[in-house]
Each structure stands twice: as structure tokens, then as C-alpha cells.
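Tertiary structure, described
In case you want the letters, here they are:
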Amino acid sequence: MPLSPHFTFWTPGEGRVVTIGPDETPVPLPRLPLPVRTASLAGGEPSDDAIGEGLYDYLRQFPDASHGAEYAAILRDAYPHYIADLGAQAVMIDNKEVDPSYLRRKIACLKILALLEPDNVGLMQLLGNACYEVALHFTQLPGCREDLLRAMGYLQRAVRLGAVNAGTFILLGEIDYLLGDIPGALRHWEKAVSHLPEGKDRIALEGRIGHLGEAPLPDHPMVEELELIGEALTAYGGGDAGSALEILERLEEQGGVVTEFPSAEFYLLLGLCRESLGDPGGAFAAFDRALFIDADFAPAREGQERITEKGKG
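Numbers given for residues are sequential positions, taken from 1 along each chain in its written order. In keeping with the predicted nature of the model, local features appear solely for residues at pLDDT of at least 70, side-chain atom pairs appear and are counted solely at 80 or more, and the whole-chain, interface and lining totals rest on all residues. Computation of side-chain values: all heavy atoms of the structure, hydrogens and water removed.

Here's the deal with the overall build of the protein
Put simply, the test is: Secondary structure elements are taken from DSSP: a helix is a run of H or I of four residues or more, a strand is a run of E of two residues or more, and numbering for both begins at the N terminus. A simple rule labels every residue: compare its accessible area, found with a 1.4 Å probe on the protein chains alone, to the largest value its type can have, and call it buried under 20%, exposed over 50%, or partly exposed in between. We call two residues contacting when some pair of their heavy atoms lies within 4.5 Å. Accessible surface is estimated by sampling points in the Shrake-Rupley manner with a 1.4 Å probe; for residues, cover comes only from the protein chains shown. The sign given to each residue is positive for Lys and Arg and negative for Asp and Glu; His and the chain ends receive no count. Charge positions come from single atoms, namely NZ of Lys, CZ of Arg, CG of Asp or CD of Glu.
The helix and strand inventory of the protein stands at 15 helices and four strands. Its C-alpha atoms give the protein principal-axis dimensions of roughly 70 × 60 × 30 Å. Residues counted as buried form 44% of the 313 residues belonging to the protein. Contacts spanning at least 24 positions in sequence make up 55% of the contacts within the protein whose residues lie at least 6 apart. Split by element, the accessible area of the protein, about 15,900 Å² in all, is 53% carbon and sulfur. Between the mean site of the 26 positive side-chain charges and the mean site of the 48 negative ones, the protein shows a separation of 1 Å.

Let's talk about the pattern of salt bridges
Where charged atoms from two side chains of opposite charge approach closely, those side chains can pair. Rules: A pair is scored as a salt bridge if a Lys or Arg side-chain nitrogen falls within 4 Å of a carboxyl oxygen belonging to Asp or Glu.
Throughout the structure, instances matching the rule amount to 18 salt bridges. In this structure, Arg157 and Asp119 form a salt bridge, with 2.8 Å as the shortest nitrogen-oxygen distance. Of this pair, Arg157 sits in helix 6 (residues 144-160) while Asp119 sits in the loop between helix 4 (100-116) and helix 5 (121-135), and the two are 38 residues apart along the sequence. Under the relative-accessibility criterion, Arg157 is labelled partly exposed at 27%. Connected through shared salt-bridge partners, Arg16, Glu45 and Asp48 make up one network.

The structure is reproduced here in C-alpha cells:
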């Protein structure tokens, strides 16, 4: 069970209940250790509100904790407003472009809801989609393999529960492809085709199946190149621009990941490495490539302006 200095595990006494609603309906508490904010125990027994707040805050931080299902059930039965809040947060985050920290918050919300409905196909699909999205976010590439495997697990569970839509099979195929399972990718994409209506999406996927089926098997999975970008990110963040530059220039020369996943962030990082190592011309060219991919990518534009200003001096 995860430990945190902010929480203390408190076990309710025999017959302890919390009351809900204007009628103060009693809800019995199970005899198991419940996480409550340590400060809530300053006066001895925690209040009813403190119990709910502790369970809610703890589960949002540790949705995979032991007794998670029991904690979620207490929230559902005694503090239903917290369950409603989880759903509202997930919807809110889903309706705007957000950074990985918000995506991981959404994943935590969905995990708690899934504790209450482990056979909910829609929740499994949402979890799979969210884990896949966070896996391919540039800043999250150091841990992309783990997130891809989580996404695969949720989507496979959705299929076992009866999901038969094209989107789920397409995403499973994408994960197979990234992890180097080409036969698995082809199987999933062929299933997806059978659920797609006639149109450009189906034609595009059939073309990809045909191309992949005829191409020689790659000698390494694409996820390894994504992880190498993650290594470069970590190296640059740790002050080792030289090691980061070596990785990025090798990947650019090989062409695999930069062709299949053109990324303005990749070329921004390449430019920053070159700039820090005294190669302003190479940095400017990398920033220019980033802007070719995304003309509105402000950090690359700022990099070019910075180099231009230094050149004037």
C-alpha cells in the first residue's frame, strides 16, 4: 500500500458509520485501514467529511492502491458527489488540449471509476486511448513502452468485454506496430477494415496493410527509437547536450522515427542541443525544420530569433 507523509491509515471502530443527505442516512464503514489526511487526526477521530476527503485525495494519487475497490465503493455509497466530480473532471480534460500531467490526472479519474465498473467497455476504451495518447507525447517518451503496454492491456480488455469498433482495432494495431509485432498489427487492422464504411479512411488503412504486408520485417521495433528520443531528452535535461545530440543526429540520419512521426519537438530539441554546443547554423536549420512541420511552433521561432540577435552582436 503506497505510503505518504500526508496520509495516515486509520481503522474505523466497530459500528462506525458516516451519515449522508438531509435525512442523515447511516452508511457503515468497513473494518479496514482507511487513508485520511494526517492533519485530520489531530483531534482524535476524523470527521465524516475528513474521511471522504482522505479517500478521494488518496485514490486520485494512488488509484492502483490495495483496497482501491473498497475505497471507491465507500465514495460511491457515502460521498457520491466525489464520484460525480471524477466524471466531470474526465470530461473536462477530454474536451481541451492538455499537457501530460492533465492526461495522467484523467487516467487516474478513469481508473477510479473503473474500480466501480470493471466490466465497463467504454471505460476500458477511454483508458486505452488516454494511455496511448500520453505514451506518444514528446515529453513522456522516456517511459513510452510502459504506457503503450498499459494502453494495450485496457484495449484488449475492452475487446474481451465485447468492443468491436474500428477505432479500438486500429489503436491495437498501432501499438502492435510500435512494439514490433507486425503480424499482430496486420490482424488488428484487417479487423478494423471490416468495421469501416467505404471511404477514404478505409482506403488509407487498406493501403497501409498492403504496404506493411509487402515490406521486409524491421530489424527493431519503432518503440526503441522513441525510447532513444526519451534518452536524449533525459540527457539534455541533465546538462549532457553532447550525448543528446549524438542520439538525435543518428536518428535523423536513419530516418525511421522522424519520417513516421514528424515532430516539431524533435527538431526543437536538436536545435537546442546544437545551439548549446556552439553550432548556431545547425541550430537555425533544425528550428527551420521544426517550423516546416508546424508553422506556429513558437519555441522554434523564438530560437531562430535568438540566434539572429546573437549574430547581429
